Amino acid sequence: MGSYSSLFWQSVLLAALVGIVAFGAPSDAKAWVALAGAVALIVFVVVSLSRRRAIIRLASDIDEVLHEGRHINFANCREGDIAVLTNELEKMVSRLARTSEQLSSERNALAEALADVSHQIRTPLTALLLMMPIAERAEDAHERRRVVREAERLLEQVSWLVATLLKIAKVDAGAIHVERKVVVAAEVARRALAPLAVSMELRGVEATLHMDESATFVGDGPWTIEALENIIKNCMEHTPAGGMVTVTVREDTLATTFVVSDTGPGIASEDLPHIFERFYRGRPSGSAARADAAAAAAEVADDAPTPNAASVAAAASVAAAASVAAAASEATATLGGFGIGLALAQALVSAQGGILRAFNNADVGARFEIAFPKIIV
């Protein structure tokens, strides 16, 4: 009603102005001036009413978008200033729809990530819970030490998992500081391989380096070392005894490239597109099944009544569960067991403007390539 009232008073003001002009005009022109003023007044009213109807219709469409979630339709808009407004509103509605879909997708992804994190942390903690009764009941010192070592290894894995998740969260939030300076690629490769030398020797895996000593790239040395170490460790853990992990550094006019290849079984074709996804571990193995069995055993132990000295069956059940916990510790004792090492590597490389890709070698084994382009188009 307010808009029509405003139109009424504008029309009255225009009519009064026309009347004043017609009154002051010469007598032989009064009729023509009055007629022209009347026509102008009619045109003004018609155009104003049409514009107001368009605005009211547009406001109604926007109200439906806000309250009913209906997508606005501007197909009948014509040229003019109202059309410009509707075009901008259509852009706004499309942007809001995309933002809403993105938020919904991120919310679902966050829920899945939290569920994965909960599961991954719960598995080693469950194993620890089931191993404690064995440590308490063990009369043999050697057996007690073995259980304690298993517990220490599980605690180290939980610590590593939490630290890695925090690093990934910082990368996602853009909270890590990435330096941009010239780095010697060969030095990065040596420092990434050094912490794994003992593990490779114990596993019977040989490491080979092929270095271009003059190769350099612009990036962050420490973050690249961590990314490369995760990749080398992943290859090491999938290479059988007597196999080899090869690290190659090369430079050309386009990029500086790190290539890590192994002589293991390679990456299954169905797993290759998902290899860098967080918590993706490929097809479940027997060890993973044993880890899930350990988690199930913990639930049973939590729900069971407090054991007493006479409950021999319960003690035997706990001992059996502890053996399952040992299997669970083996399932989670490796970097690949959590499925986030490669995800962290990709996040760290991407934060520097690099590219990380995974392939299978033509003959045997997997191959990972980290490329730092010299020219970004």
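Definitions and limits used
- Starting from 1, residues in each chain are numbered consecutively following that chain's sequence as written.
- Only residues with pLDDT of at least 70 get local features here, since the model is predicted, and only at 80 or more are side-chain atom pairs given and counted; chain-wide, interface and lining totals rely on the full set of residues.
- Side-chain measures were taken over the full set of non-hydrogen atoms in the model, leaving aside hydrogen atoms and water.
- The term nonpolar core refers to a set of buried residues drawn from Ala, Val, Leu, Ile, Met, Phe, Trp, Tyr and Cys, joined through side-chain atoms within 4.5 Å.
- Buried means the residue's accessible area, taken with a 1.4 Å probe over protein chains only, is under 20% of the maximum for its type, while exposed means over 50%, and partly exposed covers the values in between.
- Each helix is a run of H or I in the DSSP string that is no shorter than four residues. Each strand is a run of E no shorter than two, and both are numbered from the N terminus.
- We call two residues in contact when some of their heavy atoms are within 4.5 Å.
- For two strands to count as paired, DSSP must find a minimum of two bridges between them.
- When two rings of Phe, Tyr or Trp (its six-membered ring) have centres within 6.5 Å they constitute a pair, described as stacked for plane angles under 30 degrees, edge-to-face for angles over 60, and tilted for the intermediate range.
- Confidence per residue, as judged by the predictor, is encoded in pLDDT with a range of 0 to 100.
- Axis definition: a line fitted to C-alpha atoms, limited for helices to the stretch in contact. Angles are taken between N-to-C directions and run from 0 to 180 degrees.
- Working rule for angles: under 35 degrees goes down as roughly parallel, over 145 as roughly antiparallel, 65 to 115 as roughly perpendicular, anything else as oblique.
- Handedness of a helix crossing follows the sense of rotation of the near helix relative to the far helix, less than a right angle counterclockwise being left-handed and clockwise being right-handed.
- Whenever Lys or Arg places a side-chain nitrogen within 4 Å of a carboxyl oxygen from Asp or Glu, that contact is recorded as a salt bridge.
- Patches draw on residues past 30% relative accessible area with no salt bridge. Two like charges within 9 Å are joined, as are two nonpolar side chains (Val, Leu, Ile, Met, Phe, Trp, Tyr) within 5 Å.
- The Shrake-Rupley method, run with a 1.4 Å probe sphere, supplies the accessible areas, and residue values consider only the shown protein chains as cover.

Peer 1: Residue-level account of the nonpolar core, with values.
Peer 2: Counting 46 residues, the largest nonpolar core has Leu228, Ile231, Ile232, Phe258, Val260, Phe368 and Ile370 as the members making the most contacts within it. If you list the elements that add at least two residues to this core, you get helix H4 (141-173), helix H5 (185-193), helix H7 (221-237), strand E4 (244-251), strand E5 (255-262), helix H10 (341-351), strand E6 (355-360) and strand E7 (366-373). The element that contributes the greatest number of residues to this core is H7, accounting for eight residues. When near neighbours in sequence (up to four residues on either side) are disregarded, Leu228 contacts Val188, Ala189, Ala192, Phe258, Val260 and Ile370. Core analysis: the second largest hydrophobic core is formed by eight residues, Ala127, Leu128, Ala135 and Val147 among them.

Peer 1: I'd love a proper account of the pairing of E6, names of residues and values included.
Peer 2: By the bridge criterion, six bridges tie E6 to E7 in an arrangement that is antiparallel. Looking across to E7, one finds that Phe359 is bridged to Arg367.

Peer 1: Describe in detail the packing of aromatic side chains, supporting the description with residues and values.
Peer 2: Each pair of aromatic rings is reported with the distance of its centres and the angle of its planes. Under the defined criterion, the tally for this structure stands at four aromatic pairs. On the basis of an interplanar angle of 85° and a centroid distance of 5.7 Å, the ring pair of Phe217 and Phe258 is categorised as edge-to-face. Residue Phe217 is found in strand E3 (residues 216-219), and its partner Phe258 is found in strand E5; the two are separated by 41 residues along the sequence. This pair shows no difference in class: Phe217 is buried, exactly as Phe258 is. One aromatic cluster is present, built from ring pairs that chain together Phe217, Phe258 and Phe372.

Peer 1: Give a detailed account of the confidence of the model for the protein, specifying residues and quantitative values.
Peer 2: In the predicted model, the protein carries a mean pLDDT of 76, and the fraction of residues at 70 or more is 71%. Within the protein, no element has a lower average pLDDT than helix H8 (residues 286-303), which sits at 45, and none a higher one than E5, at 96. In this model residues 284-322 is a low-confidence stretch, pLDDT under 50, and it forms 32 contacts with partners more than four residues away in sequence or in other chains. Within the model, the stretch residues 324-336 combines pLDDT values under 50 with 38 contacts to residues more than four positions away or in other chains.

Peer 1: Describe the pairing of E3, with residues and values.
Peer 2: Of the two faces of E3, only the one carrying Phe217 and Gly219 is buried; Thr216 and Val218 on the other face are not. Where strand E1 (residues 181-184) lies against E3, four bridges are found, and the strand directions are antiparallel. Paired with Val184 across the two strands is Thr216, which belongs to E3.

Peer 1: Before we move on, can you summarise the environment of Gly264 with the specific residues and values?
Peer 2: Inspection of the secondary structure assignment puts Gly264 in the loop between E5 and H8. By relative accessible area, Gly264 is classed as buried at 4%. When the C-alpha positions of Gly264 and Val364 are compared, they lie 6.8 Å apart, and in sequence the two are 100 residues distant. The residues touching Gly264, leaving out its near neighbours within four places in the chain, are His238, Thr239, Pro240, Val364 and Gly365.

Peer 1: So what's going on with the packing of H7 against H10? Which residues, and what values?
Peer 2: The contact between H7 and H10 brings their axes to 9 Å, and the two run at 150°. One element, H7, and the other, H10, form an angle in the roughly antiparallel class. Considering only the axes of H7 and H10, their crossing is left-handed. Within the contact between the two elements, H7 uses Trp223, Glu226, Ala227, Asn230, Ile231 and Asn234 and H10 uses Gly341, Leu342, Leu344, Ala345, Leu348 and Val349.

Peer 1: Which residues make up the pattern of salt bridges, and what are the values?
Peer 2: Summed over all chains, the structure comprises nine salt bridges. Glu369 is the salt-bridge partner of Arg367, the closest N and O atoms lying 3.2 Å from each other. Salt bridges linked by common partners bring Arg250, Arg357, Arg367 and Glu369 together as one network.

Peer 1: Please give an account of the sheet that holds E4 that cites residues and values.
Peer 2: Strands sit in the order E2-E4-E5-E7-E6 across an open sheet of five strands; the sheet is mixed. A strand with exactly one partner marks an edge of an open sheet, and here the two such strands are strand E2 (206-210) and E6. Strand after strand, the sheet turns through a mean of 15° between neighbouring axes, direction not considered. Examined bridge by bridge, E2 and E4 share five bridges and lie parallel to one another. Across the sheet, the residue bridging to Glu206 is Met244, located in E4. Against the sheet, H7 makes contact with E4, E5, E6 and E7, and its axis sits at roughly 25° relative to E5, the strand it touches most.

Peer 1: Quick rundown of a nonpolar patch on the surface? Include the residues and the values.
Peer 2: A grouping of Trp32, Leu35, Val39, Val43 and Val47 is seen on the molecular surface, where their side chains present a nonpolar patch of about 520 Å² in accessible area. In this structure, Val47 sits in helix H2 (residues 30-68). Residue Val47 is classed as partly exposed on the basis of its relative accessible area, which comes to 43%.

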